[in-house]
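Inside the fold
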Amino acid sequence: MKYFAIALGLLALIEAAQCVGMAEGLYCGKQSCYDVLDIDRAEFNKSTLAKSYRKLAKQYHPDRIKDKEERAAAEEQFRLIATAYETLKDDETRKLYEYYLDHPEYRYYHYYQYYRMRATPKVDARIVVAMVIAVISLIQKHSEALNYAVTVPKYRNAAMEIAKERGLYEFDAKTGKPKKNRKNRDNVDMEKIVRDIVEENMDVRGGYKKESVYDTLLWWIIVSPVSLLQYARWYIRWIQKYTIAGDEYEEEDKLYLIRSNLQMSESQFICLEPEEIKEFLELKLWIKENFVEWKAAKEIEEHQKMANSGRYKRYRRYMKNNAGSTMSFVE
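So, here's what we can say about the structure. (Residues numbered from 1 in each chain as written. Predicted model: local features only at pLDDT ≥ 70, side-chain atom pairs only at ≥ 80, totals over all residues. Heavy atoms only, no water.)

1. A few points about helix H12 (residues 251-262)
For H12, spanning 12 residues, the distance from its first C-alpha to its last is 16 Å, which sits close to the expected 16 Å at 1.5 Å a residue. Within H12, the full set of buried residues consists of Asp253, Lys254, Leu257, Ile258, Arg259, Asn261 and Leu262. (Helix = DSSP H or I, 4+ residues; strand = E, 2+ residues; numbered from the N terminus. Expected span 1.5 Å × (residues − 1). Buried < 20%, exposed > 50% of the residue type's maximum accessible area, 1.4 Å probe, protein only.)

See the structure below:
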């Protein structure tokens, strides 16, 4: 037991001895980077560093040496000079190196810091995050725009007309609708054709343009302070002009109120037919009371259409006849 304790003590002393002093594989190895560049650590500055590096790099550049053995030694020294320069040039790296020189006993900590620094790309994380946000938001905005445009009858019909002109799909001569034949089912996907054409011509017959960098989340983050100021200015103008002064709404402001009442986004509102927008203006739907009456009338009209619809009647008849056989979620 006594000898075992002595052996453990010797091993501990050996380990402690190995953890003191500069180590191979870290920075300039057993040499000091300051000594490699012939610089006094106490009088270090960037100007002296650059001058010393240029002088030594020129002196030990392998291309200047003809002898093979001397060239091999020069290459090794040149790499060491370059390592020393890169270590001392960067403020963060030099700070870690200074701590390494002052506290060589923390061997494992220095290994960790050194290889972490070498493995981590020297790119500002904020730039990376900003670029990721820009790319993702651009893709999302374009995808959302395309998904919405495909559902708009105006763009969909225009895309089908283009498909018809290009001969991409067989259409019935009388109805103008796609034929339901074997060729169309097996070889062509009409939805894919429509989607591809809409994506190719996002502003087809309607002015719906492809998304740009100005529609990305990154751009809105950048211009958000300006946008807030513009909104504040617009809101103050609105209060002064319409609430306090009681002026009549301008057409642009009428359309804004109509769009707000309809709970539509700007992109959805501009997709409406001009005749429909003109009808909204004639009915004065920017006035809340008029809009409520119009909406109630529309709901009654929709109910009447459903009541007179053959499909809806069949559905009601089916539900009536099969009411006893239907299953609830509880069952």
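2. Observations regarding a negative patch on the surface
On the surface, a cluster of negative charge is made up of Glu273, Glu275, Glu276, Glu279 and Glu282. Within the secondary structure layout, Glu282 lies in helix H14 (residues 274-282). Accessibility expressed as a relative area gives 56% for Glu282, which makes it exposed. (Patch = residues over 30% accessible without salt bridge, like charges linked within 9 Å, V, L, I, M, F, W, Y side chains within 5 Å. Areas by Shrake-Rupley, 256 points an atom, 1.4 Å probe, with all protein chains shown as cover. Salt bridge = Lys/Arg side-chain N within 4 Å of Asp/Glu carboxyl O. Lys, Arg positive; Asp, Glu negative; His and termini not counted. Charge placed at Lys NZ, Arg CZ, Asp CG, Glu CD.)

3. Thoughts on the packing of H12 against H14
One can describe the packing of H12 onto H14 by two numbers: an axis separation of 11 Å at closest approach and a directional angle of 100°. On the basis of their axis angle, the class for H12 and H14 is roughly perpendicular. Touching Glu251, Lys254, Leu255, Ile258 and Leu262 of H12 are Ile277, Phe280 and Leu281, all from H14. Class assignment of the residues belonging to the contact of H12 with H14 gives a composition of 6 nonpolar, no polar and 2 charged. (Axes fitted to C-alpha atoms, helices over the stretch in contact; angles between N-to-C directions. Parallel < 35°, antiparallel > 145°, perpendicular 65-115°, else oblique. Contact = heavy atoms within 4.5 Å. Nonpolar A, V, L, I, M, F, W, Y, C, P; charged D, E, K, R; others polar.)

4. What to know about the packing of aromatic side chains
Under the counting rule described, the total for this entry stands at 21 aromatic pairs. With centroids separated by 6.2 Å and ring planes inclined at 35°, the aromatic side chains of Tyr34 and Tyr97 adopt a geometry described as tilted. One end of the pair, Tyr34, is in helix H2 (residues 33-36); the other, Tyr97, is in helix H5 (residues 91-102), with 63 residues separating them in the sequence. You can call Tyr34 buried: its relative accessible area is 1%. (Phe/Tyr/Trp six-rings, centres within 6.5 Å; stacked < 30°, edge-to-face > 60°.)

5. What to know about the pattern of salt bridges
Side-chain pairs of opposite charge can arise where the charged atoms are in close proximity. Counted by the stated rule, this structure contains 11 salt bridges. One salt bridge connects Asp91 with Lys46, and the closest N-O pair in it is separated by 3.2 Å. Taken as a pair, Asp91 in helix H5 and Lys46 in helix H3 (residues 46-59) lie far apart in primary sequence, 45 residues in all. On the basis of relative accessible area, Asp91 is assigned to the partly exposed category, the value being 47%.

6. Comments concerning the state of the cysteines
This model, assessed by the stated rule, comprises 1 disulfide. A disulfide bridge connects Cys28 with Cys33, and the sulfur atoms are separated by 2.2 Å. Linking Cys28 and Cys33, the disulfide has an S-S dihedral of approximately 105° and is accordingly described as right-handed. The exposure classification of Cys28 matches that of Cys33, with both residues buried. (Disulfide = S-S within 2.5 Å.)

7. Here's the deal with the side chain of Asn261
Take Asn261: it is sitting in helix H12. Within polar-contact distance, the side chain of Asn261 engages the side chain of Lys288 at 3.4 Å. With sequence-adjacent residues up to four places away left out, Asn261 is seen in contact with Leu285, Trp286, Lys288 and Phe291. (Polar contact = N/O pair within 3.5 Å; in protein donor to acceptor, adjacent residues only side chain to side chain.)

8. Some details on the nonpolar core
Formed by 22 residues in total, the largest nonpolar core has its most connected members in Tyr27, Cys33, Leu37, Leu49, Leu88 and Tyr97. Elements with a minimum of two residues in this core: H2, H3, helix H4 (68-89), H5 and helix H6 (107-119). Of the residues forming this core, the biggest block, 5 residues, is contributed by H4. Once you skip the residues sitting within four places of it in the chain, Leu49 turns out to touch Leu37, Ile39, Phe44, Tyr85, Leu88 and Lys89. (Core = buried A, V, L, I, M, F, W, Y, C linked by side-chain atoms within 4.5 Å.)

9. Examining the environment of Met160
Note that Met160 resides in helix H8 (residues 153-166). Since its relative accessible area comes to 18%, Met160 is described here as buried. Between the C-alpha atom of Met160 and that of Ile193, which follows or precedes it by 33 residues, the distance is 8.3 Å.

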